[in-house]
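Coordinate inspection notes
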Amino acid sequence: MNLSSLFESQNIIGTFFKIAAVLFALIYLLYTLVINKQVDVMNKTLTDKLDPLVALVSSVQVAAAFVLFIIAVFLV
Amino acid sequence: MENNQKSLNKRFFSYCLYPDIRFETYQPGENIILLLRAHPFTQVHWMVNSIILALILAGLNFIMPAFFNLSQIFFFNVFCVIFLLSFIFYNFIIWYFNVGIITDKRVIDIDFSSILYKQVVVTRLGEIEDITDKSAGYFESLFDYGNVFIQTAGTQDNIEFTNIPFPSQVVEKINSLLPENHESE
């Protein structure tokens with residue numbers, strides 16, 4: 001009885017974690033897309049030597065968010 | 001290239017003389033004299049917060065194995081590290097793109113107060129009525145940074161450069177650029 005109730009509780013924790021992981025990963029992905037767009041706007045407003053690096057980091061951030069979403073959906 | 005003077009950067013690119021930049025409303029032939037950003041010391045708070053978050057994450061890794069399996073802990077760590085790096089990047093670009101620019105013709109204030117809010121205020125040197133610099137506090141005196149407030153004529157927006165290095169030098173520079181028959185304090 002104790003073992004089965006423990007098993008159920010682990011399932012509940014796992015389910016909640018999965019839902020939270022997918023939700024947060026999706027929200028983060030949307031956030032990085034907005035940031036990427038705004039970095040483009042900022043680079044057009046102020047053009048400096050560091051702009052390509054900033055744009056690159058922003059793109060890497062979007063890619064990382066996408067990978068995180070995939071991990072949340074398939075691996076967690 | 002219009003700026004033939006040699007560039008000089010002080011205080012981690014927060015005070016740049018004759019910078020090699022272009023901005024949205026740049027006019028060909030305009031000489032860019034000064035580029036200003038907030039003093040680096042004013043950014044210490046988010047750097048400290050980042051370190052604290054990293055330490056909290058490290059500490060949580062000792063507790064999590066009791067409640068979560070390996071894949072969950074892996075996801076949590078990856079998410080937190082990426083979030084932390086995003087936090088640092090966000091604060092960096094807010095500091096980097098919030099600038100004040102002084103040219104031989106105009107004063108420009110570019111504000112990205114949050115990532116979604118952009119304001120560009122442009123004032124011709126001839127429309128400047130009053131310039132005030134304020135530097136109050138222990139750290140402001142120690143690191144020589146403060147605010148410069150530029151009052152403009154009529155209904156135009158006033159300009160404020162906040163937490164910039166060497167505020168008195170900035171005021172001096174603007175005064176030196178004002179038209180001869182136009183004096184301000």
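Each value, and the rule that gives it
Here the residue numbering is sequential within each chain, running from 1 through the sequence in written order. Each chain is given a letter, starting from A, and each ligand a number, starting from 1, according to the order in which they appear as written. Local features are withheld for residues below a pLDDT of 70 in this predicted model, meaning they are given only at 70 or higher, and side-chain atom pairs are given and counted only at 80 or more; totals for whole chains, interfaces and linings count all residues. As a convention, hydrogens and water are excluded, and side-chain values are obtained from all of the structure's heavy atoms. Contacts are assigned to residue pairs that have any heavy atoms within 4.5 Å of one another. Note: buried area is the sum, over both parts, of the accessible area (probe 1.4 Å) each one loses when the two are combined. Salt bridges are defined by distance alone: a side-chain nitrogen of Lys or Arg within 4 Å of a carboxyl oxygen of Asp or Glu. We define a polar contact as two N or O atoms separated by no more than 3.5 Å, with the added condition that, inside protein, one atom must be a possible hydrogen donor and the other a possible acceptor, whereas residues neighbouring each other in sequence contribute only through side-chain atom pairs. A fitted line through C-alpha atoms serves as each axis, taken over the contacting stretch for helices, and the angle formed by two N-to-C directions is quoted from 0 to 180°. Labels follow the DSSP assignment, with helices taken as runs of H or I lasting at least four residues and strands as runs of E lasting at least two, numbered in each case from the N terminus. Geometric relationships in this document are graded by angle, where less than 35 degrees denotes roughly parallel, more than 145 denotes roughly antiparallel, 65 to 115 denotes roughly perpendicular, and other angles denote oblique. All amino acids are sorted into three groups, where Ala, Val, Leu, Ile, Met, Phe, Trp, Tyr, Cys and Pro are nonpolar, Asp, Glu, Lys and Arg are charged, and the leftover types, Gly among them, are polar. Throughout, exposure labels follow a simple rule: accessible area from a 1.4 Å probe, protein chains only, divided by the maximum for the residue type, with under 20% read as buried, over 50% as exposed, and the rest as partly exposed. Two strands are said to pair when DSSP picks up at least two bridges between them. Each helix crossing is assigned a hand: it is left-handed if the near helix lies turned anticlockwise from the far helix by less than a right angle, otherwise right-handed if that turn is clockwise. An automatic or database domain assignment supplies the start and end points of every domain. Residues enter a nonpolar core if they are buried and are Ala, Val, Leu, Ile, Met, Phe, Trp, Tyr or Cys, with the set joined through side-chain atoms within 4.5 Å. To estimate how far a helix should reach, multiply one less than its number of residues by 1.5 Å. What the arc describes is the spread of directions from the helix axis to the C-beta atoms. Exposure above 30% relative accessible area and the absence of a salt bridge qualify a residue for a patch, where like charges join within 9 Å and nonpolar side chains (Val, Leu, Ile, Met, Phe, Trp, Tyr) within 5 Å. All accessible-area figures derive from a Shrake-Rupley calculation using a 1.4 Å probe, and residue coverage is judged against the displayed protein chains alone.

Okay, the interface of chain B and chain A next. In many reports, interface size means the accessible area that the parts give up when they come together. Between chain B and chain A, the contact holds 31 residues from the first and 33 residues from the second. Interface area for chain B against chain A, summed over the two sides, is near 2800 Å², with a carbon-plus-sulfur share of 76%. A salt bridge links B:R37 to A:D48, with the shortest nitrogen-to-oxygen separation between them at 3.7 Å. For the interface between chain B and chain A, the tally reads six residue pairs in polar contact (both at pLDDT 80 or more).

All right, on to the packing of helix α1 (residues 44-63) of chain B against helix α2 (residues 70-97) of chain B then. Between two packed helices, the angle of one axis relative to the other and the distance separating the axes together describe the packing. Residue and element names in this part refer to chain B. Interaxial distance between α1 and α2 falls to 10 Å at its minimum, and their mutual angle equals 175 degrees. Classed by the angle they form, the pair α1 and α2 counts as roughly antiparallel. For the pair α1 and α2, contact is made by W46, N49, S50, L53, A54, L57, L60 and N61 and by I73, F76, N77, C80, V81, L84, F87, I88, N91 and F92, respectively. By residue class, the composition of the contact of α1 with α2 is 13 nonpolar, five polar and no charged.

With that settled, the discussion passes to the pattern of salt bridges. Residues and elements named next belong to chain B. Here the structure, examined in full by the defined rule, presents three salt bridges over all chains. Between R106 and E30 there is a salt bridge whose closest N-O contact spans 2.8 Å. With a gap of 76 residues between them, R106 in strand β6 (residues 106-114) and E30 in the loop between β3 (22-23) and β4 (32-36) connect regions that are remote in the sequence. Looking at R106, the relative accessible area reads 4%, which means it is buried.

Residue and element names in this part refer to chain B. Pairing analysis gives six bridges linking strand β8 (residues 128-134) to strand β9 (residues 145-152), with the strands arranged antiparallel. Its bridge partner lying in β9, D130 is registered against Q151. Connecting β9 to the next strand, strand β10 (residues 159-165), in antiparallel fashion are six residues, including G154 with a positive phi near 65 degrees.

Here we come to the packing of helix α2 (residues 51-74) of chain A against α2(B). Taken N-terminus to C-terminus, the directions of α2(A) and α2(B) make an angle of 155 degrees; their axes are 11 Å apart at the nearest point. The angle between α2(A) and α2(B) falls in the class roughly antiparallel. Considering only the axes of α2(A) and α2(B), their crossing is left-handed. For the pair α2(A) and α2(B), contact is made by A:D51, A:V54, A:V57, A:S58, A:Q61, A:A64, A:L68, A:I71 and A:A72 and by B:F74, B:F75, B:V78, B:F79, B:I82, B:S86, B:F89, B:F92, B:I93, B:Y96 and B:F97, respectively.

Once that is clear, we can look at the domain arrangement of chain B. Considered domain by domain, chain B is made up of domain 1 (8-38 + 100-177) and domain 2 (44-93). Relative to domain 2 of chain B, the C-alpha centre of domain 1 of chain B lies at a distance of 36 Å.

It is worth spelling out the sheet that holds β8(B) at this point. All names here are of chain B. Pairing in this open sheet of three strands is antiparallel, and the strands run β8-β9-β10 from one edge to the other. The sheet is open, and its two edges are formed by β8 and β10, each paired on a single side. For this sheet, the mean angle separating the axes of adjacent strands, direction not counted, is 15 degrees.

For soluble globular proteins, the rule of thumb is that nonpolar side chains tend to be buried together. A:L46, B:F23, B:I93, B:F97, B:I101 and B:I110 are the most contacted members of the largest nonpolar core, which has 24 residues in total. With six residues, α2(B) is the largest single contributor of residues to this core. Contact partners of A:L46, with chain neighbours within four places excluded, come to A:D51, B:I21, B:R22, B:F23, B:R37, B:Y96, B:F97, B:V99 and B:I101. Judged by nonpolar contacts, the second largest core, of 21 residues, contains B:V121, B:V148, B:I150 and B:V170.

It is worth spelling out α1(B) at this point. With 20 residues, α1(B) should reach 28 Å at 1.5 Å per residue; the first-to-last C-alpha distance of 29 Å fits that figure. Taken together, the buried residues of α1(B) touch α2 of chain B.

Here we take up helix α4 (residues 167-177) of chain B. Residue and element names in this part refer to chain B. Within the sequence span of α4, burial applies to P167, V170, V171 and I174. Projected down its long axis, α4 carries its buried residues within an arc of 100 degrees, all on one side. Facing away from the buried surface of α4 by more than 90 degrees, the exposed residues are E172 and S176. Buried positions along α4 lie against β2 (15-17), β4, β5 (99-103), β8, β9 and β10.

Let us now look at a nonpolar patch on the surface. All names here are of chain B. Taken together, the side chains of V44, V48, I52, L53, I56, L60, F62, I63, F67 and F83 make up a nonpolar region of the molecular surface, amounting to roughly 920 Å² of accessible area. Of the residues forming the nonpolar patch, the biggest block, eight residues, is contributed by α1. Tracing the chain through its elements places L60 in helix α1. Under the relative-accessibility criterion, L60 is labelled partly exposed at 31%.

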